Amino acid sequence: EPEVTQTPSHQVTQMGQEVILRCVPISNHLYFYWYRQILGQKVEFLVSFYNNEISEKSEIFDDQFSVERPDGSNFTLKIRSTKLEDSAMYFCASRAGTGTGELFFGEGSRLTVL
Amino acid sequence: AQTVTQSQPEMSVQEAETVTLSCTYDTSESNYYLFWYKQPPSRQMILVIRQEAYKQQNATENRFSVNFQKAAKSFSLKISDSQLGDTAMYFCAFILYNNNDMRFGAGTRLTVKP
């Protein structure tokens, strides 16, 4: 069964460093998402991406964050100058279209900022 | 703005018994989807059940069923014959029909006791 894959599964970085989290969405899906979950807390929407541009973003998704789909398969989240509070699980998701509404999630990338 | 509220942070149930998880939401729109996602300790969020707002009939998937009350904006999940493998975080989620932003509730941690 097709699935969303994410790398790395866990990344440890120093505060102030840049981090890139990678996702490979399901191949025929059109909508891509990043969500964040601070340990044991709520799943928070960061950004959605459609037709090679951001379609929605939350107040969390400030200038520190960026997304791109560089090669038609990968979907990346870049966090510039990481802060301690960026430590969280980051989930990528994809959706085929608006018809079903269902999002398919990857297993997540755990980011630890020291 | 759409909001999703899960008022039960934690619940427990004896194996083989039935448990109901509550969810309410707030929207002024009439076309949307509601979901229950399960997040076991392995972290990946898995769709449990989906309900389209235009359908009056409550969705059912094997041991999982919902009680969808559109006027009350309520969407509860009933798990029958609970199994140890049902132990997980359960998230209620909402997405507008033609929108890209899926909103999650804070989650309910369910423990099934042997």
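A brief look at the structure comes next. (Residues numbered from 1 in each chain as written. Chains lettered and ligands numbered in written order. Predicted model: local features only at pLDDT ≥ 70, side-chain atom pairs only at ≥ 80, totals over all residues. Heavy atoms only, no water.)

Moving on to the nonpolar core. Of all hydrophobic cores here, the largest spans 26 residues; its most connected members are Y25(B), Y32(B), W36(B), F75(B), L77(B) and Y90(B). Elements supplying a minimum of two residues to this core: β3 (19–21), β5 (32–39), β6 (46–52), β8 (64–69), β9 (74–79), β10 (88–96) and β12 (108–113) of chain B. Considering each element in turn, this core owes the most residues, five residues, to β10(B). Setting aside residues up to four positions removed in sequence, F75(B) forms contacts with C23(B), Y25(B), L34(B), F35(B), W36(B), Q51(B), V66(B), N67(B), F68(B) and C92(B). Residues V47(A), V67(A), F75(A) and A88(A) belong to the second largest nonpolar core, which totals 22 residues. (Core = buried A, V, L, I, M, F, W, Y, C linked by side-chain atoms within 4.5 Å. Buried < 20%, exposed > 50% of the residue type's maximum accessible area, 1.4 Å probe, protein only. Helix = DSSP H or I, 4+ residues; strand = E, 2+ residues; numbered from the N terminus. Contact = heavy atoms within 4.5 Å.)

A few words on the interface of chain B and chain A. Residue-level contacts link 21 residues of chain B with 26 residues of chain A. In total, about 2100 Å² of surface goes out of reach between chain B and chain A, with carbon and sulfur atoms giving 49% of it. The three residues of chain B that bury the most area against chain A are R43(B), Q44(B) and N100(B), which together make up 32% of that side's buried surface. Put simply, chain B and chain A have one salt bridge between them. Listing elements by their share of the side of chain B that touches chain A, those giving two or more residues are β5, β6 and β10 of chain B. For the side of chain B that touches chain A, the element with the most residues is β5(B), which contributes four residues. (Buried area = accessible area lost by both parts, 1.4 Å probe. Salt bridge = Lys/Arg side-chain N within 4 Å of Asp/Glu carboxyl O.)

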